[in-house]
Each structure stands twice: as structure tokens, then as C-alpha cells.
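Spelled out from the first residue to the last, the chains are:
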Amino acid sequence: MKIDFTKNSDGLVPAIIQDATTKSVLMLGYMNEEAYTKTVATQKVTFYSRSKQRLWTKGEESGNFLNLVDIAVDCDNDTLLVKVDPVGPTCHTGADTCWDEENTPSYGFLSELEATIKDRKENATAEKSYVASLFEKGINKIAQKVGEEAVEVVIEAKDNDEDLFLNESADLLFHYLILLQAKGYTLRDIAAVLEARQS
């Protein structure tokens, strides 16, 4: 990997720190060639501290190390993407990230949908939504709906109408997310089971 440490007069390149599992950006630091070499050798992320004017291994005082998973350099060879397995919070304030965000897995739109379902469950109004009405009917009705949608997916899988198949698949996933919430679980719990099976 060719890193251009000469572009800046101080010999530093930005190092974007990303959680290898959650993909959350945790912090931004700077590395010189010596910090990069030490990071690779020790497998613990080391920066060049501009305030201390010395190498600084994240966690050397707190114990909240950033264990190295992978390093990639950008197209201009002057910025690093450092993927890590963090031990504890990353920010000196005690927050998960230096932007005070939780470092939790996100499944994009599905996580947003999950949050909407949870909100409907917890904040049912007088004019009930479809989701709130399902929660009101209880676990048996929710489980029944998942079963019905699963059967419809199987039926459509045997036909050639791709649009119907995709719509029924969306219905199944939607109702499954409702069932997970009804049982007190989330996609993260299912992902953890699948990840455990992979190892």
C-alpha cells in the first residue's frame, strides 16, 4: 500500500476510524509514517498527536484500544480508512463516537422501519394504525399474519410474476419485523445468531 506522507509539510495524513462491524465512523486522527508502522506492528491504532507532539496509541491510558482490522488508502494516497474493533467507548468524553452517536449496527431503511414499528407499538393513538391494531390483537394474530404471508411468498415463488413475488416478500418481512417487536427482539438479535453460526 502506497501512502503519500509528503503531501503535507507536517508529514501527516488523516485517518478516518470506522468500526469494522457496525460501519459507524468513530473518530478522526492523524498518522505519520511512524504511527502507521507502529499501528501495523502492534495491531493497535496509533496516531501522531499534534497537541502532544508525539506518537499516541489510542487507549494507552484509558484501556479503550482500537484493535486494527484493516487499513485502506484512498484514491489520492493521502487519506486512510482504518477499520477497527473498538474496546469500550472511543471518545475521551466517554461517548461511543466523537460525534456523540451510539455505535450500534444499522440496517439502513430496515432499521428506520423497525423504529417506526416500535413507535406504533408504544404510542398507539385513538385513531389506530394497522401496526398498532395488530399489537392490540396480540401475539397469536401477529404470528398468524406472518404464517399467511409466508404461504403467499411460497405460492408466488412458484409463478413468474416477479412483482407479486417481491410485494409478498415485502409483506412477509414487514410482518416478521412486527413479530420480532412483539417478542421483544430486533434485527440485531437475529444478526447475532447468524454471525454466531458463521464462526
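Scoring rules and cut-offs
Residues numbered from 1 in each chain as written. Predicted model: local features only at pLDDT ≥ 70, side-chain atom pairs only at ≥ 80, totals over all residues. Heavy atoms only, no water. UniProt positions renumbered as here; feature names shortened; annotations may be inferred. Helix = DSSP H or I, 4+ residues; strand = E, 2+ residues; numbered from the N terminus. Rg over C-alpha atoms; globule rule 2.2 N^0.38 Å. Buried < 20%, exposed > 50% of the residue type's maximum accessible area, 1.4 Å probe, protein only. Contact = heavy atoms within 4.5 Å. Areas by Shrake-Rupley, 256 points an atom, 1.4 Å probe, with all protein chains shown as cover. Lys, Arg positive; Asp, Glu negative; His and termini not counted. Charge placed at Lys NZ, Arg CZ, Asp CG, Glu CD. Core = buried A, V, L, I, M, F, W, Y, C linked by side-chain atoms within 4.5 Å. Pairing = 2+ DSSP bridges. Axes fitted to C-alpha atoms, helices over the stretch in contact; angles between N-to-C directions. Polar contact = N/O pair within 3.5 Å; in protein donor to acceptor, adjacent residues only side chain to side chain. Arc of directions from axis to C-beta.

- In the nomenclature of an unreviewed UniProt entry, the chain corresponds to Histidine biosynthesis bifunctional protein HisIE from the organism Pustulibacterium marinum.
- Comment text from UniProt for the chain, heading Subcellular location (unreviewed entry), reads "Cytoplasm".

### Structural notes on the overall build of the chain
Then comes step 1: Of regular secondary structure, the chain possesses 6 helices and 6 strands.
Then comes step 2: Ordered by position from N to C terminus, the α and β elements of the chain give β-β-α-β-β-β-β-α-α-α-α-α.
Then comes step 3: For a compact globule of 199 residues, the expected C-alpha radius of gyration is about 16 Å, and the chain comes in at 23 Å, more than 25% above that figure.
Then comes step 4: Dimensions of the chain, computed from C-alpha atoms along their principal axes, come out at roughly 65 × 40 × 30 Å.
Then comes step 5: Residues classed as buried in the chain amount to 34% of the 199 residues present.
Then comes step 6: Here the analysis covers contacts within the chain between residues at least 6 apart in sequence; of these, 47% occur between residues at least 24 apart.
Then comes step 7: For the chain, the exposed surface amounts to about 12,200 Å²; the carbon and sulfur share of it is 51%.
Then comes step 8: Side chains of the chain carry 21 positive and 34 negative charges; the gap between the two charge centres is 6 Å.

### Points about the nonpolar core
Buried together is how nonpolar side chains tend to be arranged in soluble globular proteins.
Then comes step 1: If you look at the biggest cluster of nonpolar residues, it comprises 21 residues, and the most contacted ones within it are Ile17, Met31, Val45, Phe47, Leu66, Leu80 and Val82.
Then comes step 2: Counting residues per element, the ones that place at least two in this core are β1 (13–19), β2 (25–31), α1 (33–42), β3 (46–49), β5 (66–73) and β6 (80–86).
Then comes step 3: Of all hydrophobic cores here, the second largest spans 12 residues; its members include Leu113, Val131, Leu134 and Ile142.

### Comments concerning the sheet that holds β5
Hydrogen bonding along the main chain pairs the strands of a sheet, whether they run parallel or antiparallel.
Then comes step 1: Reading across the sheet, the 4 strands line up as β2-β1-β6-β5 and stay open at both edges, with mixed pairing between neighbours. A single partner strand is all that each edge strand has here, and the edge strands are β2 and β5. On average, each strand axis in the sheet is inclined to that of its neighbour by 30 degrees, with strand direction left out of account.
Then comes step 2: Sheet analysis places β5 next to β6, joined by 7 bridges and oriented antiparallel. Bridge pairing links Asp70 to Lys83 in β6.
Then comes step 3: Each of β2, β5 and β6 touches α1; the most contacted strand, β5, lies at about 125 degrees to it.

### A few points about the side chain of Thr46
Then comes step 1: Examined against the element boundaries, Thr46 turns out to sit in strand β3.
Then comes step 2: Within the local environment of Thr46, its side chain forms a polar contact with the side chain of Thr57, the two groups lying 2.8 Å apart.
Then comes step 3: Those residues in contact with Thr46 that sit more than four places away from it in its chain are Met31, Ala35, Lys38, Thr39, Leu55, Trp56 and Thr57.

### Describing α1
Then comes step 1: Three or more residues of α1 are buried, namely Ala35, Tyr36 and Thr39. Projected onto a plane normal to the axis of α1, the buried residues spread over an arc of 100 degrees and lie on a single side. Turned more than 90 degrees away from the buried face of α1 sit Glu33, Glu34 and Ala41, all of them exposed.
Then comes step 2: Among the structural elements, β2, β3, β4 (54–57), β5 and β6 are those in contact with the buried residues of α1.
Then comes step 3: By the N-cap criterion, in which a side-chain oxygen at the helix start approaches the backbone nitrogen of a residue two or three places on, α1 is capped by Asn32, the distance to Glu34 being 3.2 Å.
Then comes step 4: After α1 finishes, the residue Gln43 shows a positive phi value of roughly 65 degrees.

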